[in-house]
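Here's the letter readout for the chains.
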Amino acid sequence: MDKLLETVLRGDKGTVIKVNTYETGENILPVDVQAAMAGKDITLEIALANNVIWTINGTGLSAGQREDIMLDIEYGEPNVVGTIPEALLNGIQGAVAFRTVVLAHNGTFRGKVQLNFPVGTENAGKYATLFYYNESVGRLERQKTVMIDVDGFAQFWMEHASQYVICVGEDESASTPAPDDAGQPEADREQEGEPVSPRTGDGESSAAGAGVMAGDAAILAVLGIAAALVLKRKKLPHN
């Protein structure tokens, strides 16, 4: 990437530099290239062999300590690429799980990068939704929905590397992950605002409990009146 650094250093405002990793064999964006770009309106377009394209503009890169960016990305059929459970992939409502994304880089980027994923020109005008696989809690978390462009690419800004799934749907708001509560404690679900089984003091159980208490009070009142009458009869003098 020495030549790339030289090109960046010579670049003017608005410069776009295109790189094909399948031609250069390079799969790392070094820290010195990032540092040379930081704060400048210079754009790198780095194409991978699977047609995924990195778009990195210097104005989106933060200053300060950074690390090399691993450029390799696995991009393929769900259940083939990555480790996202099939139950989660099948639980997405209103769209089809199109591709799974696994970035070789680990952790956050120093700033934002744009990744352009090919989803086919036949899907141009439809909507692509990006879901982040939060492995620690076993859930898919919706990130963003974008319209697929005329060239069949879905473009997403990313701040950290992880596993993702891209879904394609006809409607912008159609793609939503189905809740997966298996193994999640009831107390946690209640805290997140999800419905839990009715308990005493909640909803219909409260009404039922109130009815039982009212019935008990009525019975006690009748027994009290009867006891008072018995006592009164005992006090009356005999003829």
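Residues numbered from 1 in each chain as written. Predicted model: local features only at pLDDT ≥ 70, side-chain atom pairs only at ≥ 80, totals over all residues. Heavy atoms only, no water.

Peer 1: Got a minute to help me understand the overall build of the protein in this structure?
Peer 2: A count of helical and extended segments in the protein gives six helices and twelve strands. Sorting the 239 residues of the protein into buried and exposed places 35% on the buried side. Across the protein, the fraction of contacts at a sequence separation of at least 24, relative to all contacts at a separation of at least 6, is 70%. On the protein, roughly 14100 Å² of surface is accessible, and the fraction owed to carbon and sulfur atoms is 53%. (Helix = DSSP H or I, 4+ residues; strand = E, 2+ residues; numbered from the N terminus. Buried < 20%, exposed > 50% of the residue type's maximum accessible area, 1.4 Å probe, protein only. Contact = heavy atoms within 4.5 Å. Areas by Shrake-Rupley, 256 points an atom, 1.4 Å probe, with all protein chains shown as cover.)

Peer 1: Quick question: what am I supposed to make of the packing of aromatic side chains here?
Peer 2: Two aromatic rings are characterised by how far apart their centres lie and by the angle between their planes. According to the stated counting rule, one finds four aromatic pairs in the structure shown. With a centroid separation of 5.9 Å and an interplanar angle of 50°, the aromatic rings of Tyr132 and Tyr164 are classed as tilted. Taken as a pair, Tyr132 in strand 9 (residues 127-134) and Tyr164 in strand 11 (residues 153-169) lie far apart in primary sequence, 32 residues in all. A relative accessible area of 18% places Tyr132 in the buried class. On the basis of relative accessible area, Tyr164 is assigned to the buried category, the value being 2%. Residue placement shows Arg99 over the ring face of Phe98; its charged tip is 4.3 Å from the ring centre. (Phe/Tyr/Trp six-rings, centres within 6.5 Å; stacked < 30°, edge-to-face > 60°. Lys NZ or Arg CZ within 6 Å of the ring centre and 35° of its normal.)

Peer 1: Would you explain the pairing of strand 3 (residues 42-47) in this entry?
Peer 2: Consecutive side chains along a regular strand alternate between the two faces of the sheet. Across the six residues that make up strand 3, a large majority, five, are buried. Pairing of strand 1 (residues 15-20) with strand 3, which is carried by six bridges, proceeds in the parallel orientation. What sits directly across from Val16, in strand 3, is Thr43. Pairing between strand 3 and strand 4 (residues 53-57): five bridges, direction antiparallel. Among the inter-strand pairings, Glu45 is bridged to a residue of strand 4, identified as Thr55. (Pairing = 2+ DSSP bridges.)

Peer 1: I'm lost on the pattern of salt bridges in this one. Help?
Peer 2: Side-chain pairs of opposite charge can arise whenever the charged atoms involved come near each other. Evaluated as defined, the whole model comprises three salt bridges. The partner of Glu77 in a salt bridge is Arg99, with the nearest N and O atoms 3.2 Å apart. Linking Glu77 in the loop between strand 6 (73-76) and helix 4 (86-90) with Arg99 in strand 8 (residues 96-118), this pair joins segments that are 22 residues apart in sequence. Owing to a relative accessible area of 43%, Glu77 belongs among the partly exposed residues under this scheme. (Salt bridge = Lys/Arg side-chain N within 4 Å of Asp/Glu carboxyl O.)

Peer 1: Could you clarify how one ought to interpret unusual backbone geometry in this entry?
Peer 2: Peptide bonds are trans in most cases, and residues, glycine excluded, mostly fall at negative phi. Backbone geometry places Asn51, a non-glycine residue, at a positive phi of 75°. Although it is not a glycine, Asn79 adopts a positive phi angle of roughly 75°. Secondary-structure assignment places Asn79 in the loop between strand 6 and helix 4.

Peer 1: What is the right way to read the side chain of Thr43 from this model?
Peer 2: Counting through the fold element by element, Thr43 comes out in strand 3. Aside from chain neighbours lying at most four places away, what touches Thr43 is Thr15, Val16, Ile17, Thr55, Ile56 and Asn57.

Peer 1: Would you mind going over the confidence of the model for the protein with me for this structure?
Peer 2: Averaged over the protein, the pLDDT score is 78; the fraction of residues at 70 or greater is 71%. A low-confidence stretch, residues 179-214 (pLDDT under 50), is modelled with 21 contacts involving residues beyond four sequence positions or located in other chains. Every residue in residues 225-239 scores below 50 in pLDDT, and together they form zero contacts with partners more than four places removed in sequence or on other chains. (pLDDT = per-residue confidence, 0-100.)

Peer 1: I'm lost on the nonpolar core in this one. Help?
Peer 2: The tendency in soluble globular proteins is for nonpolar side chains to be buried as a group. Formed by 41 residues in total, the largest nonpolar core has its most connected members in Leu29, Leu44, Trp54, Leu103, Phe117 and Ile166. Excluding residues that lie within four positions of it along the chain, Phe117 makes contacts with Val52, Tyr75, Val101, Gly152, Phe153, Ala154, Phe156, Met158 and Ile166. Core analysis: the second largest hydrophobic core is formed by ten residues, Leu88, Ile92, Phe131 and Tyr133 among them. (Core = buried A, V, L, I, M, F, W, Y, C linked by side-chain atoms within 4.5 Å.)

Peer 1: Please explain the environment of Ser162 as it appears in this structure.
Peer 2: Checked against the element boundaries, Ser162 lands in strand 11. Separated by 58 residues in sequence, Ser162 and Ala104 have C-alpha atoms that sit 8.1 Å apart. When near neighbours in sequence (up to four residues on either side) are disregarded, Ser162 contacts Val101, Val102, Leu103, Tyr132 and Tyr133.

Peer 1: I keep staring at helix 1 (residues 2-10) and nothing clicks. Help me out?
Peer 2: Those residues of helix 1 not exposed but buried are Leu4, Leu5 and Val8. The arc that holds every buried residue of helix 1, seen down its axis, measures 100°, which confines them to one face. Of the exposed residues in helix 1, those oriented more than 90 degrees away from the buried face are Asp2, Lys3, Leu9 and Arg10. In this fold, the buried residues of helix 1 make contact with strand 1, strand 2 (28-29), helix 3 (31-37) and strand 3. (Arc of directions from axis to C-beta.)

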